[in-house]
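Structural description and commentary
Spelled out, the chains give:
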Amino acid sequence: MRLGIRIDFSYDIIKMLERQSYNQIYNYYWGIRFNKFSLLKDIGVDEIVDPIIDRKIAVYALYLPAIRRLNESTLDLIEKTAIIADELATKLIVYPVTWTQLRKLKEETFLEKFYKLISSYYLKLCFNIRCERQELGKFLNLITDFTGGVFCFSLESLINNSKKKILEKVDSIFGLLKIIHINKRELSSLMKEPENLLKYYDLINHLAWRGFEGFITVDYYEDVEKLLGILEQKVKLAQRRRI
């Protein structure tokens, strides 16, 4: 179990990476999120990869934006993302979906195209799911035809569930679960209602007991290193207890 930070990328990558506040988080794994496909379309692979490698930043995943229109040009951009992932030595590409969107991907054979593309680069495509009201078994049923662990899951918005529900949801897809993410809205809730943080302490203990090998990640904000420090202590303690 490792910790990471999801960071939104901008056009001026070098200027962004030179922000003084980022110096404090270079030692953590980064998740790079492209909020717009225009970023991927307009910026060259080397322009993205070189500044990250130069600063020795370890990347746990690349995050795609939601795709409204699926076509061959979309597949080209996903392949470009796969090339970037390969250059950065990360195995995970994250794609946000609802159940309806994932079903449409399957019905229109895009899941099959994604599978062939992602597996050709020996990567994994994580479907990012918001867990407020979602039944995870429905997502799981849509990808059972695809073998080899190419498709997997990333979960966020767990905090609105009870502790029991959180553990049930995690366990229902545990073998394919790679990332548990705490987004900006959840971070605000954690700061205002510390009792919600106890849910994540219990979750960390549960994940350590089950031998979770993925990532717990948070959205970047100015004081993020404080929360990461707390989570890091809890992860180390939970893992020592397991041993």
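Let us look at the structure shown here.

Calculation rules
Residues numbered from 1 in each chain as written. Predicted model: local features only at pLDDT ≥ 70, side-chain atom pairs only at ≥ 80, totals over all residues. Heavy atoms only, no water. Buried < 20%, exposed > 50% of the residue type's maximum accessible area, 1.4 Å probe, protein only. Helix = DSSP H or I, 4+ residues; strand = E, 2+ residues; numbered from the N terminus. Pairing = 2+ DSSP bridges. Axes fitted to C-alpha atoms, helices over the stretch in contact; angles between N-to-C directions. Patch = residues over 30% accessible without salt bridge, like charges linked within 9 Å, V, L, I, M, F, W, Y side chains within 5 Å. Areas by Shrake-Rupley, 256 points an atom, 1.4 Å probe, with all protein chains shown as cover. Salt bridge = Lys/Arg side-chain N within 4 Å of Asp/Glu carboxyl O. Lys, Arg positive; Asp, Glu negative; His and termini not counted. Charge placed at Lys NZ, Arg CZ, Asp CG, Glu CD. Arc of directions from axis to C-beta. Contact = heavy atoms within 4.5 Å. Phe/Tyr/Trp six-rings, centres within 6.5 Å; stacked < 30°, edge-to-face > 60°. Lys NZ or Arg CZ within 6 Å of the ring centre and 35° of its normal.

**Some words on the pairing of strand E5 (residues 124-130)**
By the criterion of burial, E5 is predominantly enclosed, with five of the seven residues buried. Pairing of strand E4 (residues 92-96) with E5 involves five bridges; the strand directions are parallel. By the bridge assignment for E5, Val94 is matched with Cys126. Pairing analysis gives six bridges linking E5 to strand E6 (residues 151-156), with the strands arranged parallel.

**Some details on the sheet that holds E4**
The eight strands are arranged E1-E2-E3-E4-E5-E6-E7-E8 in a closed barrel whose pairing can be described as parallel. Recorded for the sheet is a direction-independent mean angle of 30 degrees between the axes of neighbouring strands. Pairing geometry for strand E1 (residues 2-8) and strand E8 (residues 215-219), over five bridges, is parallel. Counterpart to Gly4 in the pairing with E8 is Thr217.

**Description of a positive patch on the surface**
Judged by side-chain charge, Lys234, Lys236, Arg240 and Arg241 come together as a positively charged surface patch. On the basis of relative accessibility, which here comes to 58%, the residue Arg241 falls in the exposed class.

**Here's the deal with the pattern of salt bridges**
This structure, assessed with the given rule, holds ten salt bridges. Measuring nitrogen to oxygen at the nearest pair gives 3.0 Å for the salt bridge that ties Lys106 to Asp145. Taken together, the positions of Lys106 in helix H5 (residues 99-107) and Asp145 in the loop between helix H7 (136-143) and E6 put the pair 39 residues apart, joining distant regions of the chain. Through salt bridges that share partners, Arg6, Arg130, Glu156 and Asp219 make up one connected network.

**Overview of H7**
Leu136, Phe139, Leu142 and Ile143 are the residues of H7 that are buried. Buried residues along H7 cover an arc of 120 degrees about the axis, so they all sit on one side. Residues of H7 that are buried sit in contact with H5, helix H6 (110-120), E5, E6 and helix H8 (163-172).

**Details of the packing of aromatic side chains**
The final tally for this structure, using the stated rule, is 13 aromatic pairs. A ring pair is formed by Tyr115 and Phe151, whose centres lie 5.8 Å apart and whose planes are at 70 degrees; its orientation type is edge-to-face. Here Tyr115, found in helix H6, pairs with Phe151, found in strand E6; they are 36 residues apart in sequence, far enough to count as distant. A residue is classified by how much of its surface remains accessible, and Tyr115, at 21% relative accessible area, is partly exposed. Linked through ring pairs, Tyr95, Phe110, Phe114, Tyr115, Phe127, Phe146 and Phe151 together constitute an aromatic cluster. In this arrangement the basic side chain of Lys113 is found over the ring face of Phe110, its NZ or CZ atom lying 4.9 Å from the centre. Above the plane of the ring of Trp99 lies Lys138, whose end atom (NZ or CZ) is 4.3 Å from the centre.

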